[in-house]
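Spelled out, the chains give:
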Amino acid sequence: MRSDSTVLTPEPAPSRPRWQRVLWLVLGAVALATGVVGIVLPLLPTTPFVLLAAFCFARGSQRYEHWLLNHPRFGPIVHDWRANRAVPLRAKQLAWVMMVISSAIAWWVLPAQVRWIPAASCAVVAAWLWSLPTRRNK
């Protein structure tokens, strides 16, 4: 029997092998970089890539996940997603409008052989975005 002064603490969960943590960290960094590019390039949506980065960082690095959660721009996106599992209606509308505009511009300026690629990519993202629950407030 143990004395009352002994405190049992659960053992920490076994960590992932180093190569897996590095892989998740690299994938998270690539996703976040793509999301940052999406801020200025309307063809790329920012929010899905930030959420993907959070998913990857949660598996690869507590430090980077903590950094992302506390980031003034990206943190609220991740917190909102984790709390509600829904995308605000305004964000969906803005994403759809930007994807239509950027697809139209790409159709106009790209060669005929590849002009369909941005529109097809945006259609896939738009379908995925449409399938997510919508949060109407805010």
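Structure report, in brief. The numbers attached to residues start from 1 for each chain and follow its sequence in the written order. Side-chain atom pairs in this predicted model are given and counted only at pLDDT of 80 or more, local residue features only at pLDDT of at least 70, and totals for whole chains, interfaces and linings cover all residues. The basis for the side-chain values is all heavy atoms of the structure; hydrogens and waters are excluded.

Attention now goes to the packing of helix 2 (residues 46–60) against helix 3 (residues 62–69). Note on geometry: axes are C-alpha line fits, over the in-contact stretch for helices, and angles between N-to-C directions span 0 to 180 degrees. We count a stretch as a helix when DSSP gives it H or I for four or more residues in a row; a strand needs E for two or more, and each element gets its number in order from the N terminus. Two elements in contact, helix 2 and helix 3, have axes whose closest approach is 7 Å; the angle formed by their N-to-C orientations is 145 degrees. For the element pair helix 2 and helix 3, the recorded crossing hand is left-handed. Residues Val-50, Ala-53, Ala-54, Phe-57, Ala-58 and Gly-60 of helix 2 lie in contact with helix 3, whose contacting residues are Gln-62, Tyr-64, Glu-65 and Leu-68. Taken together, the residues of the contact of helix 2 with helix 3 break down into 7 nonpolar, 2 polar and 1 charged. By convention the crossing between two helices is left-handed if the near helix lies anticlockwise of the far one by an angle smaller than a right angle, and right-handed if it lies clockwise. What makes two residues a contact is simply this: any of their non-hydrogen atoms within 4.5 Å. Following the grouping adopted for this structure description, the nonpolar residues are Ala, Val, Leu, Ile, Met, Phe, Trp, Tyr, Cys and Pro, the charged ones are Asp, Glu, Lys and Arg, and the polar ones are all others, Gly among them.

As a further point, take helix 1 (residues 18–40). A helix is expected to reach a length of 1.5 Å times the quantity of its residues less one. In this model helix 1 runs 34 Å from its N-terminal to its C-terminal C-alpha over 23 residues, within 8% of the 33 Å that 1.5 Å per residue would give. Within helix 1, burial applies to Gly-28, Ala-31, Leu-32, Gly-35 and Gly-38. Packing partners of the buried residues in helix 1 comprise helix 2 and helix 3. Only protein chains enter the accessibility calculation, which uses a 1.4 Å probe; a residue is then buried when its area is under 20% of its type maximum, exposed when over 50%, and partly exposed in between.

Our focus in this paragraph is the packing of aromatic side chains. Centres within 6.5 Å are what make two rings of Phe, Tyr or Trp a pair, Trp counting through its six-membered ring; a difference in plane orientation under 30 degrees is then read as stacked, over 60 as edge-to-face, and the rest as tilted. What the rule picks out here adds up to 3 aromatic pairs. Aromatic side chains Phe-57 and Tyr-64 sit 5.7 Å apart centroid to centroid with 35 degrees between the ring planes, which places their arrangement in the tilted category. Residue classification places Phe-57 among the buried residues on the basis of a relative accessible area of 3%. Taken together, a centroid distance of 5.2 Å and an interplanar angle of 40 degrees make the contact between Trp-96 and Trp-130 tilted. In this pair, Trp-96 sits in helix 5 (residues 89–109) while Trp-130 sits in helix 6 (residues 116–131), placing the two residues 34 residues apart along the sequence. A cation over a ring is seen here: Arg-59 above Phe-55, with NZ or CZ 3.6 Å from the ring centre. Geometry around Trp-107 places Arg-115 over its ring, the cationic atom sitting 5.2 Å from the centre. Look at NZ for Lys and CZ for Arg. If either is within 6 Å of the ring centre and within 35 degrees of the ring normal, a charge sits over the ring.

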